[in-house]
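# Descriptive analysis of the structure
Here is how the chains run, residue by residue.
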Amino acid sequence: MENHQYFLNQRRLRASSHIRELAATVMLNYKQFIQPIFVEEALALPRNIKGLPHIQVDTLNTIIATIQQDINGGITKFLLFPIPLEKKINDFNYDFASLVVNTIKNTFKEKIWLALDICLCSYTTHGHCGILNKASTMVENHQSVQELAKYALRLAAAGADCIAPSDMMDGRIAAIRTLLNQHHFEQVSIMSYSAKFSSQFYGPFRDACNSTPNSVSLKDRKTYQISPFNQTDAIASALRDKAEGADIIMVKPAALYTDIISAIKAKSNVALAAYHVSGEYASIELMHEQQLLERSSAHIEVWAALKRSGADIIISYAARNAKAWIENHLM
Ligand code: PBG
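Residues numbered from 1 in each chain as written. Predicted model: local features only at pLDDT ≥ 70, side-chain atom pairs only at ≥ 80, totals over all residues. Heavy atoms only, no water.

## A short note on the pairing of strand β7 (residues 189-196)
Using the following cut-off: The buried label goes to any residue with under 20% of its type's maximum accessible area, the exposed label to any with over 50%, and the partly exposed label to all in between, with areas taken from a 1.4 Å probe on protein chains only. Counting from the N terminus, the helices are the DSSP runs of H or I reaching at least four residues and the strands are the DSSP runs of E reaching at least two. A pair of strands is labelled paired if DSSP reports no fewer than 2 bridges between them. Note on handedness: a clockwise path from strand one over the helix to strand two, with the strands aimed away from the viewer, defines a right-handed crossover.
Of all the eight residues making up β7, eight are buried; the element is thus mostly covered by neighbouring parts of the structure. Both strand β6 (residues 162-165) and β7 contribute to a ladder of two bridges, which runs parallel. Looking at β7, one finds that Ile163 is bridged to Ile190. Chirality of the crossover, the property in question, places the unit of β6, helix α5 (residues 172-182) and β7 among those that are right-handed. With five bridges joining them, β7 and strand β8 (residues 248-252) adopt parallel strand pairing. Within the sheet, the bridge partner assigned to Ala195 lies in β8 and is Val251.

If you want it as C-alpha coordinates, here you go:
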(Lines give C-alpha, C1' and ligand atoms only; values in the text may rest on other atoms or scores of the structure.)
Protein backbone atom coordinates (compact mmCIF):
# COMPACT_ATOMS: atom_id res chain seq x y z
CA MET A 1 0.00 0.00 0.00
CA GLU A 2 1.15 3.44 -0.96
CA ASN A 3 1.37 6.08 1.77
CA HIS A 4 -1.11 8.92 1.11
CA GLN A 5 -0.46 12.43 2.33
CA TYR A 6 -3.62 14.32 3.23
CA PHE A 7 -3.99 18.08 2.81
CA LEU A 8 -6.50 20.33 4.49
CA ASN A 9 -8.84 21.60 1.81
CA GLN A 10 -12.55 21.79 2.71
CA ARG A 11 -11.75 22.00 6.40
CA ARG A 12 -10.03 25.39 6.05
CA LEU A 13 -13.48 26.91 5.47
CA ARG A 14 -14.66 25.39 8.73
CA ALA A 15 -11.76 26.55 10.86
CA SER A 16 -13.44 29.35 12.83
CA SER A 17 -16.87 30.88 13.24
CA HIS A 18 -15.59 33.94 11.33
CA ILE A 19 -14.82 32.02 8.17
CA ARG A 20 -17.92 29.84 8.60
CA GLU A 21 -20.01 33.03 8.64
CA LEU A 22 -18.23 34.46 5.61
CA ALA A 23 -18.71 31.31 3.60
CA ALA A 24 -22.36 30.76 4.61
CA THR A 25 -24.70 30.38 1.64
CA VAL A 26 -27.83 31.31 3.59
CA MET A 27 -28.47 33.79 6.40
CA LEU A 28 -31.42 34.01 8.76
CA ASN A 29 -33.18 37.30 9.35
CA TYR A 30 -35.76 37.67 12.12
CA LYS A 31 -37.72 40.03 9.87
CA GLN A 32 -38.89 37.07 7.79
CA PHE A 33 -40.44 35.22 10.74
CA ILE A 34 -44.12 34.87 11.61
CA GLN A 35 -45.32 34.02 15.14
CA PRO A 36 -48.50 31.92 15.49
CA ILE A 37 -50.82 33.13 18.29
CA PHE A 38 -54.04 31.70 19.78
CA VAL A 39 -57.05 33.40 21.35
CA GLU A 40 -60.05 31.57 22.77
CA GLU A 41 -63.50 32.94 23.37
CA ALA A 42 -64.82 33.06 26.94
CA LEU A 43 -61.51 31.90 28.36
CA ALA A 44 -61.02 33.32 31.86
CA LEU A 45 -57.25 32.86 32.08
CA PRO A 46 -54.59 31.96 29.50
CA ARG A 47 -54.02 28.21 29.27
CA ASN A 48 -51.01 26.12 28.34
CA ILE A 49 -50.94 23.72 25.40
CA LYS A 50 -49.88 20.10 25.79
CA GLY A 51 -46.59 19.60 23.95
CA LEU A 52 -46.04 23.28 23.17
CA PRO A 53 -43.96 24.84 25.95
CA HIS A 54 -43.65 28.65 25.79
CA ILE A 55 -46.91 28.89 23.81
CA GLN A 56 -50.25 29.68 25.40
CA VAL A 57 -53.84 30.15 24.38
CA ASP A 58 -54.59 33.77 25.24
CA THR A 59 -57.78 35.48 26.31
CA LEU A 60 -59.05 38.56 24.50
CA ASN A 61 -57.34 40.62 27.22
CA THR A 62 -54.00 38.84 27.49
CA ILE A 63 -53.38 38.65 23.72
CA ILE A 64 -52.51 42.35 23.73
CA ALA A 65 -49.71 41.84 26.27
CA THR A 66 -48.44 38.79 24.36
CA ILE A 67 -48.19 40.78 21.14
CA GLN A 68 -46.58 43.75 22.89
CA GLN A 69 -43.94 41.44 24.37
CA ASP A 70 -43.27 39.97 20.93
CA ILE A 71 -42.92 43.45 19.42
CA ASN A 72 -40.36 44.23 22.12
CA GLY A 73 -38.53 41.06 21.10
CA GLY A 74 -38.49 42.01 17.42
CA ILE A 75 -41.52 40.17 16.01
CA THR A 76 -44.08 42.17 14.04
CA LYS A 77 -45.78 39.51 11.92
CA PHE A 78 -48.42 37.21 13.39
CA LEU A 79 -50.62 34.32 12.33
CA LEU A 80 -53.73 34.35 14.49
CA PHE A 81 -55.96 31.38 15.33
CA PRO A 82 -59.25 32.44 16.92
CA ILE A 83 -60.98 29.62 18.82
CA PRO A 84 -64.75 30.11 19.12
CA LEU A 85 -66.82 28.86 22.05
CA GLU A 86 -69.70 27.45 20.05
CA LYS A 87 -69.37 24.49 17.66
CA LYS A 88 -72.00 23.84 14.97
CA ILE A 89 -72.45 22.02 11.67
CA ASN A 90 -73.15 25.14 9.60
CA ASP A 91 -74.26 28.76 9.96
CA PHE A 92 -71.17 29.65 11.99
CA ASN A 93 -70.76 32.74 14.08
CA TYR A 94 -67.69 34.85 13.29
CA ASP A 95 -68.36 37.65 15.79
CA PHE A 96 -65.61 36.58 18.19
CA ALA A 97 -62.91 36.21 15.50
CA SER A 98 -63.87 39.55 14.08
CA LEU A 99 -63.80 41.18 17.53
CA VAL A 100 -60.30 39.79 18.18
CA VAL A 101 -58.96 41.13 14.88
CA ASN A 102 -60.60 44.47 15.49
CA THR A 103 -59.22 44.76 19.00
CA ILE A 104 -55.69 43.80 17.97
CA LYS A 105 -55.53 46.04 14.90
CA ASN A 106 -57.07 48.99 16.75
CA THR A 107 -54.40 48.62 19.40
CA PHE A 108 -51.33 48.10 17.22
CA LYS A 109 -52.42 49.54 13.86
CA GLU A 110 -49.62 49.46 11.27
CA LYS A 111 -47.03 48.38 13.83
CA ILE A 112 -47.94 44.78 13.12
CA TRP A 113 -48.95 42.61 10.19
CA LEU A 114 -51.79 40.29 11.10
CA ALA A 115 -52.62 37.18 9.12
CA LEU A 116 -55.70 35.15 9.96
CA ASP A 117 -55.91 31.39 9.64
CA ILE A 118 -59.17 30.69 7.84
CA CYS A 119 -60.59 27.25 8.50
CA LEU A 120 -63.78 25.77 9.86
CA CYS A 121 -62.22 22.97 11.94
CA SER A 122 -62.50 24.78 15.25
CA TYR A 123 -66.06 25.86 14.37
CA THR A 124 -67.49 22.45 13.48
CA THR A 125 -68.79 19.86 15.96
CA HIS A 126 -67.07 17.10 13.96
CA GLY A 127 -63.70 18.91 13.67
CA HIS A 128 -63.50 18.77 9.88
CA CYS A 129 -62.26 21.75 7.90
CA GLY A 130 -65.51 22.27 6.01
CA ILE A 131 -69.22 21.49 5.91
CA LEU A 132 -70.15 17.79 5.67
CA ASN A 133 -72.72 16.27 3.31
CA LYS A 134 -75.98 14.88 4.74
CA ALA A 135 -74.56 11.39 5.24
CA SER A 136 -71.47 12.87 6.96
CA THR A 137 -69.24 10.89 4.62
CA MET A 138 -67.47 13.76 2.84
CA VAL A 139 -66.67 17.45 3.05
CA GLU A 140 -68.78 19.41 0.56
CA ASN A 141 -66.43 21.50 -1.56
CA HIS A 142 -68.67 24.25 -2.95
CA GLN A 143 -70.60 24.94 0.23
CA SER A 144 -67.39 25.02 2.28
CA VAL A 145 -65.69 27.41 -0.14
CA GLN A 146 -68.68 29.80 -0.01
CA GLU A 147 -68.56 29.73 3.78
CA LEU A 148 -64.79 30.27 3.92
CA ALA A 149 -65.03 33.25 1.58
CA LYS A 150 -67.72 34.74 3.80
CA TYR A 151 -65.46 34.26 6.84
CA ALA A 152 -62.49 35.81 5.00
CA LEU A 153 -64.54 38.86 4.11
CA ARG A 154 -65.62 39.31 7.74
CA LEU A 155 -62.00 39.25 8.90
CA ALA A 156 -60.79 41.55 6.14
CA ALA A 157 -63.50 44.00 7.15
CA ALA A 158 -62.32 43.68 10.77
CA GLY A 159 -58.83 44.77 9.72
CA ALA A 160 -56.86 41.61 8.85
CA ASP A 161 -53.80 42.31 6.69
CA CYS A 162 -53.69 38.81 5.26
CA ILE A 163 -56.06 35.88 4.87
CA ALA A 164 -54.49 32.44 5.25
CA PRO A 165 -56.89 29.65 4.23
CA SER A 166 -55.82 26.29 5.68
CA ASP A 167 -58.88 24.21 4.78
CA MET A 168 -57.56 22.63 1.53
CA MET A 169 -60.83 22.88 -0.43
CA ASP A 170 -60.51 23.34 -4.19
CA GLY A 171 -61.11 26.81 -5.61
CA ARG A 172 -61.03 28.70 -2.32
CA ILE A 173 -58.28 31.12 -3.34
CA ALA A 174 -60.20 32.34 -6.40
CA ALA A 175 -63.43 32.60 -4.38
CA ILE A 176 -61.79 34.56 -1.57
CA ARG A 177 -59.85 36.87 -3.92
CA THR A 178 -62.99 37.62 -5.92
CA LEU A 179 -65.11 38.40 -2.88
CA LEU A 180 -62.40 40.53 -1.26
CA ASN A 181 -61.95 42.54 -4.45
CA GLN A 182 -65.71 43.02 -4.87
CA HIS A 183 -65.71 44.65 -1.44
CA HIS A 184 -62.63 46.76 -2.17
CA PHE A 185 -60.19 44.81 -0.03
CA GLU A 186 -57.70 44.60 -2.90
CA GLN A 187 -54.81 45.35 -0.56
CA VAL A 188 -55.52 42.41 1.74
CA SER A 189 -53.11 39.63 0.76
CA ILE A 190 -53.67 35.88 0.66
CA MET A 191 -51.21 33.37 2.08
CA SER A 192 -52.39 29.98 0.92
CA TYR A 193 -51.70 26.75 2.77
CA SER A 194 -51.19 25.22 -0.68
CA ALA A 195 -49.01 22.25 0.06
CA LYS A 196 -50.59 21.16 3.29
CA PHE A 197 -50.03 17.48 3.93
CA SER A 198 -52.22 15.10 5.85
CA SER A 199 -49.86 14.82 8.82
CA GLN A 200 -49.53 13.36 12.29
CA PHE A 201 -47.50 16.40 13.24
CA TYR A 202 -50.52 18.66 13.82
CA GLY A 203 -51.31 16.79 17.06
CA PRO A 204 -50.44 19.47 19.64
CA PHE A 205 -52.18 22.15 17.57
CA ARG A 206 -55.44 20.18 17.41
CA ASP A 207 -55.25 19.74 21.13
CA ALA A 208 -54.93 23.51 21.50
CA CYS A 209 -57.83 24.32 19.15
CA ASN A 210 -60.12 21.38 20.01
CA SER A 211 -60.16 20.59 16.31
CA THR A 212 -59.36 16.87 16.06
CA PRO A 213 -61.70 15.25 13.50
CA ASN A 214 -64.15 13.09 15.44
CA SER A 215 -66.78 12.02 12.90
CA VAL A 216 -67.40 8.25 12.85
CA SER A 217 -67.93 8.13 9.12
CA LEU A 218 -64.99 10.40 8.20
CA LYS A 219 -62.13 9.87 10.58
CA ASP A 220 -59.26 11.82 9.04
CA ARG A 221 -58.44 14.63 6.62
CA LYS A 222 -57.06 12.45 3.82
CA THR A 223 -59.81 13.39 1.36
CA TYR A 224 -58.73 17.03 1.37
CA GLN A 225 -55.17 17.32 2.70
CA ILE A 226 -52.29 16.11 0.50
CA SER A 227 -50.83 12.61 0.75
CA PRO A 228 -47.22 12.47 2.04
CA PHE A 229 -46.61 10.06 -0.84
CA ASN A 230 -47.50 12.56 -3.54
CA GLN A 231 -45.07 15.29 -4.59
CA THR A 232 -46.91 16.00 -7.86
CA ASP A 233 -50.16 16.90 -6.10
CA ALA A 234 -48.30 19.31 -3.80
CA ILE A 235 -46.62 21.15 -6.68
CA ALA A 236 -49.81 21.23 -8.75
CA SER A 237 -51.78 22.63 -5.79
CA ALA A 238 -49.18 25.35 -5.24
CA LEU A 239 -49.14 26.40 -8.90
CA ARG A 240 -52.94 26.31 -9.01
CA ASP A 241 -53.21 28.55 -5.93
CA LYS A 242 -50.73 31.03 -7.38
CA ALA A 243 -52.75 31.14 -10.60
CA GLU A 244 -55.92 31.75 -8.55
CA GLY A 245 -54.32 34.78 -6.89
CA ALA A 246 -52.38 33.63 -3.82
CA ASP A 247 -49.61 36.09 -2.90
CA ILE A 248 -47.71 33.74 -0.60
CA ILE A 249 -47.61 29.97 -0.97
CA MET A 250 -47.04 27.83 2.11
CA VAL A 251 -45.58 24.38 2.61
CA LYS A 252 -46.60 22.56 5.78
CA PRO A 253 -45.19 20.68 7.67
CA ALA A 254 -41.83 22.19 6.83
CA ALA A 255 -38.76 20.23 7.88
CA LEU A 256 -40.13 16.91 6.60
CA TYR A 257 -41.02 18.46 3.25
CA THR A 258 -37.97 20.43 2.13
CA ASP A 259 -38.09 18.58 -1.21
CA ILE A 260 -41.49 20.20 -1.79
CA ILE A 261 -40.16 23.65 -0.83
CA SER A 262 -37.30 23.32 -3.35
CA ALA A 263 -39.54 21.97 -6.07
CA ILE A 264 -42.07 24.81 -5.75
CA LYS A 265 -39.28 27.39 -5.58
CA ALA A 266 -37.78 25.99 -8.78
CA LYS A 267 -41.10 25.99 -10.62
CA SER A 268 -42.59 29.38 -9.74
CA ASN A 269 -41.76 32.95 -8.83
CA VAL A 270 -43.77 33.24 -5.69
CA ALA A 271 -43.14 34.26 -2.09
CA LEU A 272 -42.75 30.97 -0.27
CA ALA A 273 -43.47 30.26 3.40
CA ALA A 274 -42.54 27.16 5.39
CA TYR A 275 -44.61 26.33 8.49
CA HIS A 276 -42.65 24.39 11.09
CA VAL A 277 -45.75 22.91 12.69
CA SER A 278 -46.70 22.11 16.27
CA GLY A 279 -45.49 18.48 16.26
CA GLU A 280 -42.17 19.46 14.70
CA TYR A 281 -41.69 22.17 17.32
CA ALA A 282 -42.77 19.77 20.08
CA SER A 283 -40.18 17.15 19.06
CA ILE A 284 -37.38 19.66 19.56
CA GLU A 285 -38.82 20.90 22.84
CA LEU A 286 -39.23 17.34 24.16
CA MET A 287 -35.62 16.49 23.37
CA HIS A 288 -34.59 19.74 25.00
CA GLU A 289 -36.50 18.79 28.17
CA GLN A 290 -34.60 15.50 28.20
CA GLN A 291 -31.35 17.46 27.73
CA LEU A 292 -30.72 15.65 24.46
CA LEU A 293 -30.08 18.82 22.46
CA GLU A 294 -29.67 22.55 22.82
CA ARG A 295 -32.95 24.27 22.11
CA SER A 296 -31.99 27.44 20.24
CA SER A 297 -29.33 25.73 18.10
CA ALA A 298 -31.79 23.00 17.15
CA HIS A 299 -34.42 25.49 16.00
CA ILE A 300 -31.79 27.49 14.14
CA GLU A 301 -30.57 24.34 12.41
CA VAL A 302 -34.10 23.63 11.17
CA TRP A 303 -34.55 27.25 10.05
CA ALA A 304 -31.29 27.04 8.10
CA ALA A 305 -32.57 23.90 6.38
CA LEU A 306 -35.77 25.70 5.40
CA LYS A 307 -33.78 28.65 4.00
CA ARG A 308 -31.43 26.34 2.07
CA SER A 309 -34.37 24.57 0.51
CA GLY A 310 -35.77 27.90 -0.72
CA ALA A 311 -38.22 29.23 1.88
CA ASP A 312 -38.44 33.02 2.12
CA ILE A 313 -40.72 33.16 5.13
CA ILE A 314 -40.55 30.97 8.25
CA ILE A 315 -43.55 30.35 10.47
CA SER A 316 -42.35 28.94 13.78
CA TYR A 317 -43.67 28.66 17.33
CA ALA A 318 -40.21 29.85 18.38
CA ALA A 319 -40.28 32.90 16.07
CA ARG A 320 -40.44 35.21 19.06
CA ASN A 321 -36.89 34.16 19.92
CA ALA A 322 -35.55 34.52 16.39
CA LYS A 323 -33.98 37.94 16.82
CA ALA A 324 -32.11 37.16 20.04
CA TRP A 325 -31.16 33.64 19.05
CA ILE A 326 -29.87 34.53 15.58
CA GLU A 327 -27.88 37.46 16.95
CA ASN A 328 -26.20 35.31 19.59
CA HIS A 329 -25.74 32.19 17.55
CA LEU A 330 -22.15 31.21 16.81
CA MET A 331 -22.03 29.63 13.38
C1 PBG B 1 -56.49 24.17 10.61
C2 PBG B 1 -55.03 24.14 10.85
C3 PBG B 1 -54.23 23.10 11.35
C4 PBG B 1 -52.96 23.64 11.49
C5 PBG B 1 -53.00 24.96 11.03
N6 PBG B 1 -54.30 25.25 10.63
C7 PBG B 1 -54.57 21.71 11.79
C8 PBG B 1 -55.08 20.72 10.87
O9 PBG B 1 -55.17 20.91 9.65
O10 PBG B 1 -55.47 19.67 11.37
C11 PBG B 1 -51.76 22.92 12.04
C12 PBG B 1 -50.73 23.81 12.66
C13 PBG B 1 -49.75 23.11 13.52
O14 PBG B 1 -49.79 21.88 13.75
O15 PBG B 1 -48.87 23.82 14.02
N16 PBG B 1 -56.94 23.40 9.56
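## Some remarks on the pairing of strand β4 (residues 77-83)
Of all the seven residues making up β4, six are buried; the element is thus mostly covered by neighbouring parts of the structure. Both strand β1 (residues 33-40) and β4 contribute to a ladder of six bridges, which runs parallel. Pairing of Glu40 across the sheet is with Ile83, part of β4. In the sheet, β4 pairs with strand β5 (residues 113-118) via four bridges, with the strands oriented parallel. For Lys77, the partnering residue across the bridge sits in β5 and is Trp113. Where the polypeptide runs from β4 across helix α3 (residues 95-108) and back to β5, its parallel neighbour, the crossover connection is right-handed.

## Some points on the side chain of Asp167
This is how the line gets drawn: Pairs of N or O atoms are called polar contacts if they sit within 3.5 Å, as long as, within protein, a hydrogen donor faces a hydrogen acceptor (for residues adjacent in sequence, only side-chain-to-side-chain pairs). Contact criterion: two residues are considered in contact whenever any of their non-hydrogen atoms come within 4.5 Å of each other.
Structurally, Asp167 is set in the loop between β6 and α5. The exposure class of Asp167 is buried, given its relative accessible area of 0%. Only 3.0 Å separates the side chain of Asp167 from the side chain of Arg172, close enough to count as a polar contact. Setting aside residues up to four positions removed in sequence, Asp167 forms contacts with Ile118, Cys119, Cys129, Leu148, Arg172 and Tyr224.

## Considerations on the site of the ligand
Where we set the bar: Only a single heavy atom is needed: when it lies within 4 Å of a molecule or strand, its residue is near that molecule or strand. The Shrake-Rupley method, run with a 1.4 Å probe sphere, supplies the accessible areas, and residue values consider only the shown protein chains as cover.
Taken together, 18 residues are adjacent to the ligand, and Lys196, Arg206, Lys252, Ser278 and Tyr317 come closest. A distance of 3.3 Å is found between a nitrogen atom of the ligand and a side-chain nitrogen or oxygen belonging to Ser166. The separation between an oxygen atom of the ligand and a polar side-chain atom of Lys196 is 2.6 Å. Burial of the ligand by the protein amounts to 100% of the accessible area it has alone, namely 400 Å².

## With respect to the layout of surface pockets
Using the following cut-off: A cavity, in this analysis, means grid points on a 1 Å lattice covering only the protein atoms where a 1.4 Å probe fits yet has no way out; a pocket is instead an open set bounded by protein on both sides within 12 Å along at least five of seven lines, and a residue lines either one if it has an atom within 4 Å of a point. Grid points are joined across faces, edges and corners, and a volume is the space filled by probe spheres set on the points. Basically, the charged four are Asp, Glu, Lys and Arg, the nonpolar ten are Ala, Val, Leu, Ile, Met, Phe, Trp, Tyr, Cys and Pro, and anything else, Gly included, counts as polar.
For the largest pocket, the calculated volume is near 540 Å³. Mapped by element, the contributors of at least two residues to the lining of the largest pocket are α1 (17-22) and α10 (295-309). For the lining of the largest pocket, the element with the highest residue contribution is α10, accounting for six residues. The residue inventory of the lining of the largest pocket, partitioned by class, reads 11 nonpolar, three polar and four charged. Put simply, the second largest pocket is a space of about 230 Å³.

## Details of α3
An α-helical turn contains 3.6 residues, so a residue and the one three or four places further along point in the same direction. Here is the rule: Given the number of residues in a helix, its expected span is that number minus one, multiplied by 1.5 Å.
Between its first and last C-alpha atoms α3 spans 20 Å; for 14 residues at 1.5 Å apiece the expected length is 20 Å, and the two agree. For α3, the full list of buried residues reads Phe96, Ala97, Ser98, Val100, Val101, Ile104, Lys105 and Phe108. Against β1, α2 (62-72), β4, β5 and α4 (141-158) lie the buried residues of α3. Looking one or two places after α3, you find Lys109, whose phi comes out positive at around 45°.

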